[in-house]
Amino acid sequence: MDEIVARAMRRWPNVPKVYGWLRLDRRGQWLVKSQEGVYERIGNAAVIEFINRNYAADDAGCWYFQNGPQRVFVTLEYAPYVYRLSDDGAGFVAHTGAAAGVIHTLIHDDRGTLLADGELGLGVILDRDLDRKSTRLNSS
């Protein structure tokens, strides 16, 4: 968590929580709800990096973005992380930029979606990486 966020939380400890404003899609894109009620993709790299650095789960397993003193709960389209293959193809990286670490389990759901559960947590594998990953798994 950013130090500026931690300071804001100490200064204003009782800011109301926000729901239904921020969404994470199956491709790891952050979407924000517009005034018209439509979710629009966040394109500003600095904003995305700020969200990624301050993204966490509470004790009940609900995912949120700590926006200064305000906790903004995230609507997850599928899973709390979206994994893609690292550039060198050696492992997975989350949409936040964090390494997934050791993957303990690969899970195939009834719709053909592949999930990975490991050190970082549960995440859906980015669909455009499925062919590359399955080729790598089959050659191991």
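All values derive from a computational prediction rather than experimental measurement.

Considering the sheet that holds strand E3 (residues 39-41)
Stage number 1. Pairing within the open sheet is mixed, and its six strands lie in the order E3-E2-E1-E6-E5-E4. Only two strands of the sheet have a single partner each, and these edge strands are E3 and strand E4 (55-57). Direction aside, the axes of adjacent strands within the sheet are offset by 40° on average.
Stage number 2. By the bridge criterion, three bridges tie strand E1 (residues 18-24) to strand E2 (residues 30-33) in an arrangement that is antiparallel. Within the sheet, the bridge partner assigned to leucine 24 lies in E2 and is tryptophan 30.

Digging into the packing of aromatic side chains
Stage number 1. Overall, the coordinates contain nine aromatic pairs when judged by the stated rule.
Stage number 2. Seen from their ring centres, tyrosine 19 and phenylalanine 73 are 4.9 Å apart, and the 5° between their planes marks the pair as stacked. You can see tyrosine 19 sitting in strand E1 and its partner phenylalanine 73 sitting in strand E6 (residues 70-76), a full 54 residues away along the chain.
Stage number 3. Among the residues examined, tyrosine 19 registers a relative accessible area of 58% and is labelled exposed.
Stage number 4. Through a chain of ring-to-ring contacts, three or more aromatic side chains come together here, namely Trp30, Tyr55, Trp63, Tyr81, Tyr83 and Phe92.
Stage number 5. Of note, arginine 23 hangs over the ring of tyrosine 39, and the distance from its end group to the ring centre comes to 5.2 Å.
Stage number 6. Its guanidinium or amino end placed over the ring of tyrosine 64, arginine 71 lies 3.7 Å from that ring's centre, counting from NZ or CZ.

Some words on the sheet that holds strand E10 (residues 114-118)
Stage number 1. Read from one edge of the open sheet, five strands run E8-E7-E11-E10-E9, paired in mixed fashion. Looking along the sheet, the strands with just one partner apiece sit at the ends: strand E8 (92-94) and strand E9 (103-108). Within the sheet, the average angular offset between the axes of one strand and its neighbour, ignoring direction, is 35°.
Stage number 2. The pairing of E10 with strand E11 (residues 122-125) spans three bridges and is classified as antiparallel. Each bridged residue has a counterpart across the sheet, and for aspartate 117 the counterpart in E11 is leucine 122.

Topic: the layout of surface pockets
Stage number 1. What the largest pocket holds in volume is close to 150 Å³.
Stage number 2. Around the largest pocket, the lining residues are Arg27, Gly28, Gln29, Val82, Arg84, Val93, Ala94, His95, Thr96, Gly97, Leu126 and Arg128.
Stage number 3. Looking at the lining of the largest pocket, the elements that each hand over two or more residues are strand E7 (81-85) and E8.
Stage number 4. Broken down by class, the residue content of the lining of the largest pocket amounts to four nonpolar, five polar and three charged.

Parameters and conventions
Residues numbered from 1 in each chain as written. Predicted model: local features only at pLDDT ≥ 70, side-chain atom pairs only at ≥ 80, totals over all residues. Heavy atoms only, no water. Pairing = 2+ DSSP bridges. Helix = DSSP H or I, 4+ residues; strand = E, 2+ residues; numbered from the N terminus. Axes fitted to C-alpha atoms, helices over the stretch in contact; angles between N-to-C directions. Phe/Tyr/Trp six-rings, centres within 6.5 Å; stacked < 30°, edge-to-face > 60°. Buried < 20%, exposed > 50% of the residue type's maximum accessible area, 1.4 Å probe, protein only. Lys NZ or Arg CZ within 6 Å of the ring centre and 35° of its normal. 1 Å grid on protein atoms, 1.4 Å probe; cavity = no way out; pocket = protein on both sides within 12 Å on 5 of 7 lines; lining within 4 Å. Points joined across faces, edges and corners; volume = space filled by probe spheres on them. Nonpolar A, V, L, I, M, F, W, Y, C, P; charged D, E, K, R; others polar.

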